Protein chains: 2
Amino acid sequence: MGGDFAPVNEVAGAIQSLRQTSNAFEVILVGREKEIRDQLARHQTEGLALSVVDADEVITMEDSPTAALKQKKHSSLAVGMSLHKEGKADAFASAGNTGAVLSASTLILGRIKGVSRPTIGAFMPSEAGVCLLVDAGTNVDCRARHLFEFAIMGSMYAKAVFRYENPKVGLLNVGEEKLKGTEVVQEAYKLLETSSLNFIGNVEGRDILKGKVQVVVCDGFVGNIVLKFGESVPGFLKSRLKQYAAGNLLRTAMVAIARTPLKRSLRDMDYEEFGGVPVLGVNGVSIIGHGKSTPKAIKNMILRAAEVAKSQLSRHIEDAMSAALPGGTAPVEATITSEHGNQRL
Amino acid sequence: MGGDFAPVNEVAGAIQSLRQTSNAFEVILVGREKEIRDQLARHQTEGLALSVVDADEVITMEDSPTAALKQKKHSSLAVGMSLHKEGKADAFASAGNTGAVLSASTLILGRIKGVSRPTIGAFMPSEAGVCLLVDAGTNVDCRARHLFEFAIMGSMYAKAVFRYENPKVGLLNVGEEKLKGTEVVQEAYKLLETSSLNFIGNVEGRDILKGKVQVVVCDGFVGNIVLKFGESVPGFLKSRLKQYAAGNLLRTAMVAIARTPLKRSLRDMDYEEFGGVPVLGVNGVSIIGHGKSTPKAIKNMILRAAEVAKSQLSRHIEDAMSAALPGGTAPVEATITSEHGNQRL
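Please read these numbers as outputs of a predicted model, since none were measured by experiment.

Right, let's talk about helix H13 (residues 313–324) of chain B for a bit. Residue and element names in this part refer to chain B. With 12 residues, H13 extends 16 Å from end C-alpha to end C-alpha; this agrees with the ideal 16 Å at 1.5 Å per step. Within the span of H13, buried status applies to Leu313, Ser314, His316, Ile317, Asp319, Ala320, Met321 and Ala324. Contacts made by the buried residues of H13 are with helix H6 (144–160), strand S9 (276–280) and helix H12 (295–311).

Here you go:
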């Protein structure tokens, strides 16, 4: 119920997700039952694996995350996350207040043992396929140990969900040399170097889109800024092309022709394609979508939640973290061999 | 002599700059005289305001900046910068080792009174015209006071050189609210808020290309990463379009048509257009170009050096810094009224 267009887009997206996968999973819609049923009535839902659980409160975008969680015990967020905690659902997804979803994930599901701070990863396109940028804005002030943990969690995600065999991990920095950057980053380099992650060293801003690595590690301050900068590129290009074409017929025609190739090329700079980003480091599956999620984005978020649940990501992270403890310099061993990722890491 | 293609491109670019402006200034080429004269002999140079000053040593890209400056007293960098210091030249420009040019600028020209750390600004395109990102990679660890000084220097540059009347200054952060971001950034917000700069508050990653401000203030760690990310966008797009077109005639034709509009639209993400970035906070004019500068980039770097020299930027920065001292919370008054910017700030 927390999304900007809830429950309209949520219901429409849930229906799309079930249709597309022929009920590969069941969707439990959590929120004000009447409003949800009113929406459901607008669609053909016969034969779809849908159910509704009532929750009469809503945490809004303006609410303070922790205060709202305490005060609104019957929010769709708290009720839905608890269903997951109790094992009545295998994953949770929401397009609501990001801070509140993160807090609820941490407070209700609990942190994975060995994880100092849960984090949110974001997807970036690259010439060599999708990569995970972690942290994407959750933890703005980080110590080296946090960056090290982000690298482990990101690496497990890239392996278990993206199915990269031995994902390359890079530390986002201002130069390739080991002694570049802030003290925190230099310290993190040392921790990563001695781990058994596939750490290839520092990567620079230009290496992200080139696809030099599958996991880009940085603090949430840098991550958030790079991510939002990237998201603004298609809009910038559109505005520039409009200026270029203005008042000239030939140019207008050229720009019209350019539109389709460009749209296709920049498609995965668009959040709708990915639908949502994962909370990493909690005991469970929690996916956070954009507040303005369209039905398509909601559908993709649900598909992603199902995919992450199937990958048993949390267990992989827990195993990897315990291998890396204590002190953070022990090697992290990790191999996923089966389709369901249920081998020992 | 320090550039990757020196003195070939340097000589060619210098000649272009004089031809384009009909000798609006004089260019002194500093370096190994024989090599330079050999290059000059390959061009038509009659009537051009060119001279050569011999300097037989070269600081390479691999040299350690400070050590090289001490050891190579007759490097083209040291000799050229000294000519500027002695008033025999009004500006200095180089496509050599960035760290060495920055060190030489600071050591030979000296810091402007009140400036804790000289900085390098970089140019970013935006929907509303060029903007200055400062710091672009020089100072990776910053305190609030440093960010505050970057804002003053960047604002003076935007005013004196870009001729923005009252440049809007934004602090790069993860959200608009005052209490967002790291402690350092929050502290810098307070300093900026009480200054008389046209500080509009925090800006996010997505606001840079939108052109929300003319001066984006950040530490060199974030600045360098955003800058290099931005520079990689045209290459990424090119690669994506190639993938899109692969093996399909119609698509190949569409992409071919898209090439010109795109190239024009992304032109100023290309360093060649700007030629070089200014060292801010030193007593003089020092412009640093890309090591791989083409003749066109060298030409633009020289034009920029002339423009900055004419703007009397250093004096404006000195006046603005002294108005902001002591303590950093005093208001900064600044007005430039004449073409030559020689009014009291």
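So, about the interface of chain A and chain B. With 41 residues of chain A at the interface, the matching set in chain B holds 42 residues. If you list the elements that add at least two residues to the side of chain A that touches chain B, you get helix H8 (207–210), helix H9 (220–245) and helix H10 (249–265) of chain A. The biggest single contributor to the side of chain A that touches chain B is H9(A), with 17 residues. Of the residues belonging to the side of chain A that touches chain B, the class tally is 22 nonpolar, 9 polar and 10 charged.

Looking now at the sheet that holds strand S8 (residues 215–217) of chain B. Residue and element names in this part refer to chain B. Read from one edge of the open sheet, 8 strands run S3-S10-S9-S4-S5-S8-S6-S7, paired in mixed fashion. Only two strands of the sheet have a single partner each, and these edge strands are strand S3 (92–94) and strand S7 (198–203). Across the sheet, the axes of successive neighbouring strands diverge by a mean angle of 25°, strand direction being ignored. Here 3 bridges tie S3 to strand S10 (residues 286–289), and the two strands are oriented parallel to one another. In the sheet register, Ser94 faces S10, and the bridge partner there is Ile288.

All names here are of chain B. Here strand S1 (residues 27–31) lies mainly inside the structure; 4 of its 5 residues are buried. The pairing of S1 with strand S2 (residues 50–54) spans 5 bridges and is classified as parallel. Bridge pairing in S2 places Val30 opposite Val53. One crossover worth recording links S1 to the parallel S2 by way of helix H2 (residues 33–40), and it is right-handed.

A few words now on the sheet that holds strand S7 (residues 198–203) of chain A. Working definition: the strands of a sheet are paired by backbone hydrogen bonds and lie parallel or antiparallel to each other. All names here are of chain A. Strand order across the open sheet formed by 8 strands is S3-S10-S9-S4-S5-S8-S6-S7, with mixed pairing between neighbours. Each of the sheet's edge strands pairs with one partner strand only, and the pair in question is strand S3 (92–94) and S7. For this sheet the average axis-to-axis angle between neighbouring strands, irrespective of direction, equals 25°. Lying over the sheet, H9 contacts strand S4 (119–124), strand S5 (131–134) and strand S6 (168–172), oriented at roughly 135° with respect to S5. Packing against the sheet, helix H12 (residues 295–311) makes contact with S3, strand S9 (276–280) and strand S10 (286–289), and its axis sits at approximately 165° to S10.

For the peptide bond that leads from Ala6(A) to Pro7(A), omega is -5°, which places it in the cis range. Val134(B) connects to Asp135(B) through a cis peptide bond whose omega is 15°. Looking at the element boundaries, Asp135(B) is found in the loop between strand S5 (131–134) and H6. Phi is positive for Asn23(A), which is not a glycine, with a value near 55°. If you trace the backbone, Asn23(A) turns up in the loop between helix H1 (8–21) and strand S1 (27–31). Asn23(A) sits in the partly exposed class, given 13 other C-beta atoms within 10 Å. At Gln312(A), a position not held by glycine, the phi torsion is positive, near 55°. With respect to the helices, strands and loops of the structure, Gln312(A) is situated in the loop between H12 and helix H13 (313–324).

Quick notes on the rules
- Residues numbered from 1 in each chain as written.
- Chains lettered and ligands numbered in written order.
- Predicted model: local features only at pLDDT ≥ 70, side-chain atom pairs only at ≥ 80, totals over all residues.
- Helix = DSSP H or I, 4+ residues; strand = E, 2+ residues; numbered from the N terminus.
- Expected span 1.5 Å × (residues − 1).
- Buried ≥ 20, exposed ≤ 12 C-beta atoms within 10 Å, placed from the backbone.
- Contact = placed C-beta atoms within 7 Å.
- Nonpolar A, V, L, I, M, F, W, Y, C, P; charged D, E, K, R; others polar.
- Pairing = 2+ DSSP bridges.
- Axes fitted to C-alpha atoms, helices over the stretch in contact; angles between N-to-C directions.
- Right-handed = clockwise from strand over helix to strand, strands pointing away.

These values are about where atoms sit, not about what they do.
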